[in-house]
Amino acid sequence: MMIGRPKPPPLNAAAKLNEHARTRPSVNLAPAEVPAIGIAEPGGKLVPLVIHRREPGPRDVVIEVEYCGLCHSDVHAGRGEWGAKRLPLVLGHEMVGIVSHTGAEVTDMPIGSRVGVGCLVDSCRDCEACTAGEEQFCTASVATYGARDPRTGEYTQGGYATRIVVDAGYVLRIPDALDPAAAAPLLCAGITAYSPLRHHQVGPGTRVGVLGLGGLGHMAVKLAAAMGAEVSVLTRGSAKRESALHLGASSVIDTLDAEQLHKAADSLDLLIDTVSAPHDIGLYLKTLRRDGALVQLSLPEGPMPAFDTRALVFKRLSYTGSLIGSIAETQQMLDFCAENQVKCDIELVGAEGLNEAWDRMVAADVKCRFVLDAATVGRNETQQQSEGA
């Protein structure tokens, strides 16, 4: 399902860049001041901003942003729920765009190619995690927004903007088979769901449960089903039953119905927990078979309730967590989605609708993932300047 403007016809590399330039405010090549949308004051709404993007170095890629997914973590960070951030702050770590310039040492990302940027834009490159190819666990990794980059000295700003400059080692290739707007959330929601499924070797014969059917949960259902697993969705009430079955689930368990939960006991090998509010996992550990695992993907803003640890001991269960994935694993996920026709269901929004989209995310009033059409960023300001001239 895609709500918003229809998918454009395929474009060749040169036409992609020309079309992209035609539909957005023109800016000079980096270093540049570029239009963005972000938080300017504590507790404030998202407002138009102008931010600085650095001059590209020899290993940098300049990307003209086409689309940026809206992640619930953007809301937490922007509203100070995970601690204060330096302002102004531009959110967004699910970017898809077109390469407009590369440094002299970048040879594998032609001008006009479509690429993506996820949650990281750098890491130390020397620690145990980095040398193992799992830079997402590097304690010195540099987040796409709200972080200080020790190599460049800049304070990182995210993808609610028209342009970004990123080291080529942290840029992903977007396969042609993926719709660019629907590909954006794969760079966070997609890899966050994919990584634990791969880590726990999900495949044919595996019984996977997905707790919660929001933007993250619906990707977990699609990916697990594409891997050949039998998928059950655990959700409050019956409102999302048809959606769950349409996404690939074979059964739906109403977590408000004690009888349904009782019947689901000892039925799952793996339970992916995507619920963003504090909740009692003790109820759901009962659904796991011996040696099963519950993987926590969400980061609730409040503490999780305590549970009886005997639930783990008596069936040798694991209660674990998972972050995103490495750059290599993220590329693997994108290629998997392209090969298996897995895409994120999205609702496209313009810059003027971002605040409403954030409010709807908090209210759980969304069945899929919001994606910002970056061509709308700065458009009103540019039009006003043109009319004034």
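Residue numbers run consecutively from 1 along every chain, following the written order of its sequence. Residues qualify for local features only when their pLDDT is at least 70, as the model is predicted, and side-chain atom pairs are given and counted only at 80 or more; totals for whole chains, interfaces and linings, by contrast, use all residues. As a rule here, side-chain values come from all non-hydrogen atoms in the structure, and water together with hydrogens is ignored.

Regarding the overall build of the chain
Basically, it comes down to this: A run of DSSP states H or I qualifies as a helix once it reaches four residues; a run of E qualifies as a strand once it reaches two. Both are numbered from the N-terminal end. Pairs of residues are marked as contacts when any of their non-hydrogen atoms sit within 4.5 Å.
Scanning the chain for helices and strands turns up 13 helices and 18 strands. Taking the contacts inside the chain whose residues are at least 6 apart along the sequence as the reference set, 68% of them involve residues at least 24 apart.

A look at the packing of aromatic side chains
As a reminder, the rule being used: Here the aromatic set is Phe, Tyr and Trp, taking the six-membered ring for Trp, and pairing holds for ring centres within 6.5 Å; pairs whose planes are under 30 degrees apart are stacked, those over 60 apart are edge-to-face, and all others are tilted. Each residue is placed in one exposure class: buried if its accessible area under a 1.4 Å probe, protein chains only, is under 20% of its type's maximum, exposed if it is over 50%, and partly exposed if it falls in between. Only when the NZ atom of a Lys or the CZ atom of an Arg is both within 6 Å of the ring centre and within 35 degrees of the ring normal do we say a charge sits over the ring.
Summed over the entire model, instances satisfying the criterion amount to 2 aromatic pairs. Plain terms: the ring middles of Phe-307 and Tyr-319 are 5.6 Å apart, the flat faces sit at 90° to each other, and that makes the pair edge-to-face. One end of the pair, Phe-307, is in the loop between strand S15 (288-296) and helix H10 (310-313); the other, Tyr-319, is in strand S16 (residues 318-321), with 12 residues separating them in the sequence. With a relative accessible area of 33%, Tyr-319 lands in the partly exposed category. A cation sits over an aromatic face here: Arg-86 above Tyr-155, 4.6 Å from the ring centre.

Remarks on the environment of Lys-367
Secondary-structure assignment places Lys-367 in the loop between helix H12 (354-362) and strand S18 (369-373). When the C-alpha atoms of Lys-367 and Ile-346 are compared, they prove to be 8.5 Å apart, with 21 residues separating the residues in sequence.

Considerations on the sheet that holds S15
Formally: What makes two strands pair is DSSP finding at least two bridges between them. Structural elements are reduced to axes, namely lines fitted to C-alpha atoms, with helices fitted over the stretch in contact, and the angle between N-to-C directions of any two is expressed from 0 to 180 degrees.
Reading across from one edge, S13-S12-S11-S14-S15-S16 is the order of the 6 strands in this open sheet, with parallel pairing throughout. Each of the sheet's edge strands pairs with one partner strand only, and the pair in question is strand S13 (251-254) and S16. Here the strands of the sheet are splayed against their neighbours by 20° on average, with no regard to which way each runs.

Regarding unusual backbone geometry
Cis geometry marks the peptide bond from Leu-87 to Pro-88; its omega dihedral reads 0°. Relative to the elements of secondary structure, Pro-88 occurs in the loop between helix H2 (72-78) and strand S5 (95-102). Of note, the phi angle at Gln-341 is positive, near 55°, even though the residue is not glycine. Along the polypeptide, Gln-341 turns up in the loop between helix H11 (327-340) and strand S17 (346-349). You can call Gln-341 exposed: its relative accessible area is 75%.

A short note on the pattern of salt bridges
Threshold: For salt bridges, the criterion is a side-chain nitrogen of Lys or Arg within 4 Å of an Asp or Glu carboxyl oxygen.
All told, the structure shown has 20 salt bridges when counted by the stated rule. The partner of Asp-266 in a salt bridge is Lys-315, with the nearest N and O atoms 2.7 Å apart. Highlighted residues: Asp-266 in the loop between helix H8 (258-263) and strand S14 (268-273) and Lys-315 in the loop between H10 and S16, separated in sequence by 49 residues. Under the relative-accessibility criterion, Asp-266 is labelled partly exposed at 44%. When the shortest N-O distance is used, the salt bridge between Arg-360 and Asp-365 registers 3.3 Å. Overall, Asp-365 belongs to the partly exposed group, its relative accessible area being 42%. Three or more residues joined by partner-sharing salt bridges are found here, namely Asp-122, Arg-125, Arg-151 and Asp-167.

Side note on the confidence of the model for the chain
As a reminder of what qualifies: Known as pLDDT, the predictor's confidence for each residue is given on a scale from 0 to 100.
Summing up the model confidence of the chain, the mean pLDDT is 89 and the portion of residues at 70 or higher is 89%. A low-confidence stretch, residues 1-30 (pLDDT under 50), is modelled with 54 contacts involving residues beyond four sequence positions or located in other chains. Counting interchain partners and residues more than four positions distant, the pLDDT-below-50 stretch residues 382-389 has 1 contact.

Considering the packing of helix H5 (residues 189-199) against H11
So the rule is basically this: Small angles under 35 degrees read as roughly parallel and large ones over 145 as roughly antiparallel, with 65 to 115 read as roughly perpendicular and the rest as oblique. Residue polarity follows a fixed list, in which Ala, Val, Leu, Ile, Met, Phe, Trp, Tyr, Cys and Pro are nonpolar, Asp, Glu, Lys and Arg are charged, and the others, Gly among them, are polar.
The contact between H5 and H11 brings their axes to 10 Å, and the two run at 100°. It follows that H5 is roughly perpendicular to H11 by the angle criterion. Between H5 and H11, the residues in contact are Gly-190, Ile-191, Tyr-194, Ser-195 and Arg-198 and Glu-329, Thr-330, Gln-332, Met-333 and Phe-336, respectively. Split by residue class, the contact of H5 with H11 holds 4 nonpolar, 4 polar and 2 charged.

Section: the pairing of strand S12 (residues 230-235)
Formally: Handedness rule for crossovers: strands pointing away from the viewer, path from the first strand over the helix to the second running clockwise, crossover right-handed.
Here S12 lies mainly inside the structure; 5 of its 6 residues are buried. As paired strands, strand S11 (residues 207-211) and S12 are joined by 5 bridges and run parallel to one another. Bridge pairing in S12 places Leu-211 opposite Leu-234. Traced from S11 through helix H6 (residues 215-226) to S12, the parallel crossover comes out right-handed. Two elements, S12 and S13, share 4 bridges in a ladder whose sense is parallel.

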